[in-house]
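# Report on the structure
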Amino acid sequence: MRRLLVATLILATPGIVPAQDSVHLRIEVRSEDGPVADADVVVNGRTQKTDAQGVAIFALAPGHAEIVVVKNGFAPASASLDLAPGREQPVTIELTRMPSVEEHVTVSATRTDRGIEDQPMRVEVVDREEIDEKTMMTPGDVVMLLNETGGMRVQATSPSLGAASIRIQGMRGRYTRFLSDGLPLFGEQVSLGLMQIPPLDLGRVEVIKGVASSLYGAGAMSGVVNLVSKRPDTKPERQVLLNASTRGATDGGLWYSTPLSERWGLTLLGSVNGQARGDVNGDGWADLPRYERAVVRPRVFWDDHAGKSFFATAGGTWENRTGGTMPGLSLPAGGSYVEALDTRRADAGSAFQALTANGLVWSARGSWSAQHQDHRFGEITERDDHDTGFAELTVRRAIAQHTVVGGLAIEHDRFRPGDTRRFAYTYTVPGVFVQDDVDVARWLALSASARLDHHSEFGTFLSPRISSLVRAGQWSSRVSLGQGFFAPTPITEETEAAGLTRLSIAGPLRAERGTNTSIDVTRVAGPLSATLTGFYSRIGDPVEVERTERYELRNLPQPTTNAGVEAIAIWKTEDASLVANYAFVRSRETTGEGRVEVPLTPRHSVGLDGALEFGDAWRLGVEWYYTGRQRLEANPYRVESAPYSVFGVLASHRIGRALLFVNGENLTDVKQTNWDPLLRPSRGIDGRWTVDAWAPLDGRVVNGGVRLRF
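Read on for an overview of the structure. (Residues numbered from 1 in each chain as written. Predicted model: local features only at pLDDT ≥ 70, side-chain atom pairs only at ≥ 80, totals over all residues. Heavy atoms only, no water.)

## Observations concerning the side chain of Q672
This is how it is decided: Numbering of helices and strands runs from the N terminus; a helix is a DSSP stretch of H or I covering at least four residues, while a strand is a stretch of E covering at least two. Any pair of N or O atoms that falls within 3.5 Å is considered a polar contact. Within protein, one atom must be able to donate a hydrogen and the other to accept it, and sequence-neighbouring residues count only if both atoms are side-chain atoms. Here a residue-residue contact requires only that any non-hydrogen atoms of the pair lie within 4.5 Å.
Its place among the elements puts Q672 in the loop between strand 41 (658-665) and strand 42 (701-709). A polar atom in the side chain of Q672 sits 2.7 Å from the backbone nitrogen of W694. A polar atom in the side chain of Q672 sits 3.2 Å from the backbone nitrogen of A695. Not counting residues up to four positions away in its chain, the partners in contact with Q672 are L678, V691, D692, A693, W694, A695, P696 and L697.

In structure tokens form, the structure reads like this:
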């Protein structure tokens, strides 16, 4: 339906008015295989589907007619003609099959609904096949899925509770904005939210790397990750996934999808996940936290197949996590220490879109999320409520070679800590934005966007971005330059792990401002695609948490910079694939130690991921990942981590409607505690008993289960 909406933007004529001397326009849609049934035919804003013979008949007034034909699996086709009164006019339109559905993915995160190959802004898409593979590895969360995407790194932020954040091109996790179907349903999560998102209902993942504040305002200074859910098909679909691991994890998931009528559809996601507390190296401290989690999310969809659509969802998350010393055991310094976090979150969101007869596409979206957390740090308890709201109205129109988008938005972020009230805040940010994508020529496309936000606490910010796409045969190149901002809060990766009770703030904080530029070159040769990307980011007034001599939140005096190179090569055939990626990142900041590397940012990362299918039943996947040295902070054992590699194998076998799978992660049994203890000899200035996690803590893990479709 998205392709249909995009195609009909070129229709600028008004709706058709019946006339006495109407014309019967008979449109026959064919391909090299014969008639094409059930194709969407749009004539001057009116839509019909072709019958079994590939024919659609319109009764129209004499005059000019614009025709657009869209059918899944085929390239859209268009035609125009003048209709003479008093006679039937036949038209035959030939459709051409697209060589690959994946090559024509429509991207929603950029607001223009253009095909991925036509986007001036670089967008990477994780497809359904890759999601299904990673779901078998970690059915309970999206961490594995995102960690093995080129240029992205999942960084553990709390060894006690297993929290993690996503770093894009070396930038801290708080700068990454997470969306679900274009809505901020997860709130302003820094890290733990990643561990609470099951992937069973995902249809694809869209990733914008680099500053995206011109599209999504504050919170998108390193990029956007949009998790797009699966839509209901024409037939009911049910999936049940059961999984267990050697580290005491158990997972159960349900995916249900059904059409309710020709226009209405329903999906339902239910997930129950748990894990036992585990001490892998026998030091009395839980390297794996215990958790129990339940997630439920129904969605309803409506589409009138004439340009109007509606989507609504509501969700709930219930989770308890417990880490720290194992039951009955004590710290080396004496006494037990329990860290625990109870989370209760509810959210709701909806989106409506309408196509008018003159080619305007109106969209309205909104969401609200409310979260309550009880966090225990040994003898300290911190309770808080965090609410976020969002509303947006946009209009889109195709004008000649331009696709113009304009909109209004407002965001609300309210944090109310019950035990550390000095850190409470309420931010309200209204904004206005505009975007223009223009096809200058067949070989050149440009995109320019700008957003003006007025932050209730930090003032007014202008966030521009410009991107270009140049194509020549099998070569293409994209260049982007953008600016954005981030409103500081006391919630960072470090404070989520250590709490707010001991934290101080060095004077009024200033908003962070970022600039990002990137250039990439892509070459496609048959089944092989290779991309080389260079990037540079600069963050002014960066906010840092000091943890050496004091536990303090402050702005650094000098900008933080990130520079690097990404290289990715993908080779895919019908029954085999190989993905190789390399990232070099130089991320530097100025602290009391001088100009130093940003902690927990490896300079070199390498990944290899291969898969091979044997007929329709067997599939084998092999992966290897290398992580280079990282600067460490507040670590009494070392100032730089050791490099390490992990190796994994996934095998699956389909028997009827059942897919059996077994997966081995980190088969070489790499653990951080192979080098140094996780426990500190004494408590840190922030109250923590552990050092930061810079390598796996769980060691070798084998999981297996079954996925049933019926």
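## Digging into the environment of P559
Residue position: P559 is located in the loop between strand 34 (552-555) and strand 35 (560-572). Through-space distance from the C-alpha of P559 to that of T403 is 36 Å; in sequence the pair is 156 residues apart. If near-sequence neighbours (up to four positions away) are discounted, P559 is found in contact with R538, I539, G540, P542, R588 and R595.

## Some remarks on the sheet that holds strand 15 (residues 202-209)
Where we set the bar: Only strands joined by at least two bridges in the DSSP assignment are considered to pair. Angles run from 0 to 180 degrees between N-to-C directions of axes, and those axes are lines fitted to C-alpha atoms, restricted for helices to the stretch in contact.
Reading across the sheet, the four strands line up as 11-15-16-14 and stay open at both edges, with mixed pairing between neighbours. What marks the edges here is a single partner per strand, and that holds for strand 11 (123-126) and strand 14 (176-180). Taken over all neighbouring pairs, the strand axes of this sheet differ in orientation by 15° on average, direction set aside. Pairing analysis gives four bridges linking strand 11 to strand 15, with the strands arranged antiparallel. The partner of V125 across the bridge, within strand 15, is E206. Lying over the sheet, helix 2 (residues 128-137) contacts strand 11 and strand 15, oriented at roughly 105° with respect to strand 15.

## Comments concerning the pairing of strand 33 (residues 543-546)
Sheet faces and side chains relate simply in a regular strand, where the side chains alternate between the two faces. Rules: Exposed residues in this analysis have more than 50% of their type's maximum accessible area, buried residues have under 20%, and partly exposed residues fall in between, with area computed by a 1.4 Å probe over protein chains only.
Burial along strand 33 is two-sided: the residues V543 and V545 and E544 and E546 are all buried. Looking at chain direction, strand 33 and strand 34 are connected through four bridges and run antiparallel. Note that in strand 34 the partner of E544 across the bridge is R554. Connecting the antiparallel pair strand 33 and strand 34 is a turn made up of five residues.

## Describing the pairing of strand 27 (residues 444-455)
Pairing analysis gives ten bridges linking strand 26 (residues 425-441) to strand 27, with the strands arranged antiparallel. Bridge pairing in strand 27 links A441 to L444. Counted between consecutive antiparallel strands, the loop separating strand 26 from strand 27 contains two residues.

## Thoughts on the pattern of salt bridges
The criterion, for reference: Criterion for a salt bridge: a side-chain nitrogen of Lys or Arg within 4 Å of a carboxyl oxygen of Asp or Glu.
Counting across every chain of the model gives 53 salt bridges. Residues E640 and R629 are paired through a salt bridge, measuring 3.9 Å at the closest nitrogen-oxygen approach. You can see E640 sitting in the loop between strand 39 (618-627) and strand 40 (644-655) and its partner R629 sitting in the loop between strand 39 and strand 40, a full eleven residues away along the chain. Through salt bridges with shared partners, one network takes in E129, E130, E133, K134, D609, E613 and R619.

## As for the sheet that holds strand 34
Spatially, the three strands line up as an open sheet ordered 30-34-33, and their pairing is mixed. In the strand order of this sheet, the two ends are held by strand 30 (504-505) and strand 33, each with one partner.

## What about helix 2?
With seven of ten residues buried, helix 2 lies mostly within the body of the structure. Buried within helix 2 are the following residues: I131, D132, E133, K134, T135, M136 and M137.

## With respect to the packing of aromatic side chains
Applied cut-off: Any two rings among Phe, Tyr and Trp, with Trp reduced to its six-membered ring, count as a pair given centres within 6.5 Å; such a pair is stacked if its planes are under 30 degrees apart, edge-to-face if over 60, and tilted if neither.
Counted by the stated rule, this structure contains nine aromatic pairs. Ring centres of Y175 and F486 lie 5.4 Å apart, and the angle between their planes is 85°; this geometry places the pair in the edge-to-face category. Remark: F486 occurs in strand 29 (residues 475-486) and Y175 occurs in the loop between strand 13 (163-168) and strand 14; sequence separation between them is 311 residues. Residue Y175 is classed as buried on the basis of its relative accessible area, which comes to 2%. Arranged with centres 5.3 Å apart and planes meeting at 35°, the rings of F301 and F311 form a pair that is tilted. Taken as a pair, F301 in strand 20 (residues 290-303) and F311 in strand 21 (residues 309-324) lie far apart in primary sequence, ten residues in all. Exposure remark for F301: the relative accessible area of 10% places this residue in the buried category.

## Concerning the side chain of T533
Structurally, T533 can be placed in strand 32 (residues 528-540). With a relative accessible area of 8%, T533 lands in the buried category. Apart from the residues lying within four places of it in its own chain, the contact partners of T533 are R122, I519, D520, G564, V565 and E566.

## Some details on a nonpolar patch on the surface
Note the following rule: The patch calculation keeps residues exceeding 30% relative accessible area without a salt bridge and links them within 9 Å when they carry like charges or within 5 Å when they are nonpolar (Val, Leu, Ile, Met, Phe, Trp, Tyr). Reported accessibility uses the Shrake-Rupley method at a 1.4 Å probe radius. Residues are deemed covered only where the shown protein chains occlude them.
On the surface, a cluster of nonpolar side chains totalling about 680 Å² of accessible area is made up of L608, L612, F614, W618, L620, V622, W624 and F647. Sorting elements by how many residues they give to the nonpolar patch places strand 39 first, with four residues. With respect to the helices and strands, the residue F614 is situated in strand 38 (residues 604-614).

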